[in-house]
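# Close look at the chain arrangement
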Amino acid sequence: MSKPRIQVSGGQKLIENYIAAVNSAGGEAVAAYCPQPDLSCDGLLLCGGGDIECTLYGQEDRGSQPPDRDRDKAEIDLFQKFYQAGKPILGICRGMQMINILLGGTMIQDMPAQQQIFHASSQGDMIHPARTLEGSALCQMYGPLFHVNSHHHQAVDQLGKGLRITAWSESGVPEGLDLPGYPLLGVQFHPERMTCSFRRPDTADGAPIFSWLIAQCQGG
């Protein structure tokens, strides 16, 4: 059986971490910055990165950092094409936020300070627990409670159409979402920095998330 080909859309930095995670899980990463949709690929991975243009979810700037509008435009097209084709989609951090926005959801542009202290640091990833929704893919991977990394100042607010939250942090910040009936998974944390050469003792292993994407591309 040939390896599932995963179109990977990332920023101009750190995309190699996602490539390594996909390839280690048994896929073949086809990665680029602002790629054109390639529907010969079996699935889509939307990577982490900076903030998304707030007007895409109908808001004025309320603490967002400057967006990468070229990447926003490219990933809107990518998501729409893969979603219309019914192909599996994984969104990580910014990628999860993009999924929510494109399905009609909104964002908290700058989380309150009492939440940010658990999720953002100039020193790198923050580590914290997350609880999972019983029966969800994340619960099947990790059980009811697991430790993740975070590096973000924004969070999903109103959910897009059909989405459900499948994991929460200690203060209720959404850490995972899915779309029942469709092979889609979003995570707010960074599993690509929890696996391969980044495997760490203070979090769960991020590998099952990439294995989930590969399995979905192979028919479940």
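Just above, that's the structure.
Presented here is a report on the structure given in the accompanying data block.

Basis of the calculations
Residues numbered from 1 in each chain as written. Predicted model: local features only at pLDDT ≥ 70, side-chain atom pairs only at ≥ 80, totals over all residues. Heavy atoms only, no water. Helix = DSSP H or I, 4+ residues; strand = E, 2+ residues; numbered from the N terminus. Rg over C-alpha atoms; globule rule 2.2 N^0.38 Å. Buried < 20%, exposed > 50% of the residue type's maximum accessible area, 1.4 Å probe, protein only. Contact = heavy atoms within 4.5 Å. Lys, Arg positive; Asp, Glu negative; His and termini not counted. Charge placed at Lys NZ, Arg CZ, Asp CG, Glu CD. Salt bridge = Lys/Arg side-chain N within 4 Å of Asp/Glu carboxyl O. Core = buried A, V, L, I, M, F, W, Y, C linked by side-chain atoms within 4.5 Å. Polar contact = N/O pair within 3.5 Å; in protein donor to acceptor, adjacent residues only side chain to side chain. Pairing = 2+ DSSP bridges. Expected span 1.5 Å × (residues − 1). Phe/Tyr/Trp six-rings, centres within 6.5 Å; stacked < 30°, edge-to-face > 60°.

Once that is clear, we can look at the overall build of the chain. Along its length, the chain carries six helices and eleven strands. In terms of overall size, the chain behaves like a compact globule, its C-alpha atoms giving a radius of gyration of 16 Å where 220 residues would be expected to give roughly 17 Å. Principal-axis analysis of the C-alpha atoms places the extent of the chain at approximately 50 × 40 × 30 Å. Every one of the 220 residues in the chain was classed for burial, and the buried ones make up 52%. Sequence-distant contacts, at least 24 apart, represent 68% of the contacts inside the chain between residues at least 6 apart. If you average the places of the 16 positive and of the 23 negative side-chain charges in the chain, the two averages end up 4 Å apart.

What follows concerns the pattern of salt bridges. This model, assessed by the stated rule, comprises eleven salt bridges. A salt bridge links Asp77 to Lys81; the shortest N-O distance between them is 2.6 Å. Note that Asp77 and Lys81 are positioned in helix α2 (residues 69-84) at a spacing of four residues, about one turn of the helix. Residue Asp77 is classed as partly exposed on the basis of its relative accessible area, which comes to 24%. Judged by its relative accessible area of 34%, Lys81 is partly exposed. Residues participating in the shared-partner salt-bridge network are Arg71, Asp72, Glu75 and Arg94.

The biggest cluster of nonpolar side chains holds 29 residues, and the ones touching the most others in it are Ile6, Val8, Leu45, Leu90, Ile92 and Ile209. The dominant element in this core, judged by the number of residues it contributes, is helix α6 (residues 207-217), at six residues. In this view, Leu90 contacts Leu44, Leu45, Leu46, Leu185, Ile209, Phe210, Trp212 and Leu213; residues no more than four positions away in its chain are not counted. With 23 residues, the next largest nonpolar core counts Cys41, Cys54, Tyr57 and Leu184 among its residues.

On to the side chain of Asp51. Residue placement: Asp51 occurs in the loop between β3 (43-46) and α2. Buried within the structure, Asp51 lacks any salt-bridge partner; its nearest side chain of opposite charge belongs to Arg94, at an N-O separation of 7.3 Å. Within the structure, the side chain of Asp51 is placed 2.7 Å from the backbone nitrogen of Gln65, a separation counted as a polar contact. In this structure the side chain of Asp51 is engaged in a polar contact, spanning 3.4 Å, whose partner is the side chain of Gln154. Those residues in contact with Asp51 that lie beyond four places of it in its chain are Ser64, Gln65, Pro67, Asp68, Arg94, His153 and Gln154.

With that out of the way, let us pick up the pairing of strand β11 (residues 182-187). In terms of burial, β11 is a largely internal element, five of the six residues being buried. Sheet topology note: the strand β4 (residues 89-92)/β11 ladder contains four bridges and is parallel. Paired with Ile89 across the two strands is Leu184, which belongs to β11. Strand direction decides the pairing type here: strand β10 (residues 174-179) and β11, joined by four bridges, are antiparallel. Directly across from Leu179, in β11, lies its bridge partner Tyr182.

With that settled, consider the environment of Ala155. Looking at the element boundaries, Ala155 is found in strand β8 (residues 155-156). Separated by 26 residues in sequence, Ala155 and Gly181 place their C-alpha atoms 24 Å apart.

Looking now at α2. For an α-helix, the turn length of 3.6 residues means that residues three or four places apart are oriented alike. Look at α2: 22 Å from first C-alpha to last across 16 residues, which is about the 22 Å you get at 1.5 Å a residue. Every buried residue of α2 is accounted for by Arg71, Asp72, Ala74, Glu75, Ile76, Leu78, Phe79 and Phe82. Structurally, α2 contributes buried residues whose contacts are with β1 (5-9), β3, β4, α3 (94-102) and β11. Where α2 begins, the side chain of Asp68 points an oxygen toward the backbone nitrogen of Asp70, at a separation of 3.3 Å. Downstream of α2 by one or two residues, Gly86 has phi in the positive range, about 75°.

Moving on: the packing of aromatic side chains. By the definition in use, this model includes four aromatic pairs. A connected cluster of aromatic rings, assembled from ring pairs, spans Phe79, Tyr83 and Tyr182.

The values reported here are purely geometric and, on their own, carry no functional implication.
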